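Residue strings, one per chain:
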Amino acid sequence: MHTLGLGFALLLAGSASAAAALQVQPLMLRLTTKEPVAAVTIHNSDAAEYLLQAEVFRWSQDGNGRDVLSQADDVLVTPPVVTLGKKSQQTLRLGALQGLKLQTAEQGYRLILTRMPNQPPPPGTVALHLQVVLPVLKEAAVAGPQKTGFTLAPRRDGTLWLRGQNSGPVHTKVVGIAQNGREWTLSQYLLPGHAWEIPLKMPVEEKHSITLLTQTCCEGEVLRQPVSMAHGKASP
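The following paragraphs examine the structure supplied in this document.

Rules behind the numbers
Residues numbered from 1 in each chain as written. Predicted model: local features only at pLDDT ≥ 70, side-chain atom pairs only at ≥ 80, totals over all residues. Heavy atoms only, no water. Phe/Tyr/Trp six-rings, centres within 6.5 Å; stacked < 30°, edge-to-face > 60°. Helix = DSSP H or I, 4+ residues; strand = E, 2+ residues; numbered from the N terminus. Buried < 20%, exposed > 50% of the residue type's maximum accessible area, 1.4 Å probe, protein only. Lys NZ or Arg CZ within 6 Å of the ring centre and 35° of its normal. Pairing = 2+ DSSP bridges. Axes fitted to C-alpha atoms, helices over the stretch in contact; angles between N-to-C directions. Contact = heavy atoms within 4.5 Å.

Here's the deal with the packing of aromatic side chains
Each aromatic ring pair is summarised here by two numbers: the centre-to-centre distance and the angle between the ring planes.
Item 1. Tallied over the entire structure, the rule returns two aromatic pairs.
Item 2. Here W59 and Y189 contribute two aromatic rings whose centre-to-centre distance is 5.1 Å and whose plane-to-plane angle is 80 degrees, an arrangement assigned as edge-to-face. Within this pair, whereas W59 is found in strand β6 (residues 50-61), its partner Y189 is found in strand β16 (residues 182-190), the two being separated by 130 residues in sequence. Of the two residues, W59 and Y189, neither departs from the other in class, the shared state being buried.
Item 3. For the pair F150 and W196, a centre-to-centre distance of 6.1 Å together with 45 degrees between the ring planes defines the contact as tilted. Here F150, found in strand β13 (residues 148-154), pairs with W196, found in strand β17 (residues 194-200); they are 46 residues apart in sequence, far enough to count as distant.
Item 4. When the ring centre of Y50 is taken as origin, the NZ or CZ atom of R115, which lies over that ring, is 3.7 Å away.

Considering the sheet that holds strand β3 (residues 22-25)
Item 1. Reading across from one edge, β3-β5-β10-β8 is the order of the four strands in this open sheet, with antiparallel pairing throughout. On the outer flanks of this sheet lie β3 and β8 (75-78), each paired with one strand and no other. This sheet shows a mean twist of 20 degrees between the axes of neighbouring strands, independent of strand direction.
Item 2. Pairing between β8 and strand β10 (residues 88-96): four bridges, direction antiparallel.

Some remarks on the environment of I42
Item 1. Locating I42 in the fold gives a position in strand β5 (residues 37-44).
Item 2. A sequence separation of 19 residues divides I42 from Q23, and the C-alpha atoms of the two residues are 5.7 Å apart.
Item 3. Beyond its immediate chain neighbours, meaning those up to four positions away, I42 contacts L22, Q23, V24, L52, L84, S88, Q89, Q90, L92 and L113.

Points about unusual backbone geometry
Item 1. In this structure, P26 follows Q25 across a cis peptide bond, with omega equal to -10 degrees.
Item 2. Mapped onto the fold, P26 is located in the loop between β3 and β4 (29-31).
Item 3. A cis amide bond links T78 with the next residue in sequence, P79, at an omega value of -5 degrees.
Item 4. Mapping P79 onto the fold places it in the loop between β8 and β9 (81-84).
Item 5. In this model, N180 sits at a positive phi of 55 degrees, which is unusual for a non-glycine residue.
Item 6. A relative accessible area of 42% places N180 in the partly exposed class.

This is the structure we're talking about:
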């Protein structure tokens, strides 16, 4: 599979060795009526001690598919700051402040874990922090049919854009694109009640159809669905 874009599950700012030293499980958290509290375990395989800060943000998207984060006041992570000892692990728990109040559609949050060195960097150097961003999803109050639509929109500059709209109760995740026997990986969420348009950085062959690889809700079975060109003239 070719790489088409970067996902949002893991954002790193630091060295490769620092990234390998921090292991997080699971990579997605869900808050449900059966399990209103979620747990995430962070393992430090490094021989150094670190401070770890945990923050929760409400998660929405703009028209370009980018994450828009705002401070969450209804979901809490505890403890918010921990010391991650040498070759040790720590479990954090996340839940609603005043009970799990479900909405018609699934609600999205982001849990951001920032690992910071205990000691300040030497003079003339810059400290690089390691950051992990995890999706947190609060289940919808009522299950219903998923209503997600995708179309392709060519631009006059020759680029091809993917339009997505989700009027269903849960998220859909685009995990890949296939064309003419080739596949490109993609990690792009489409949250319920949102719409976006994103560029596809891939060669386009007009005579071959394009198929999206998607997952709905809980990272289940990958579905393959053909996607057609939008009607009308090319956009500017």
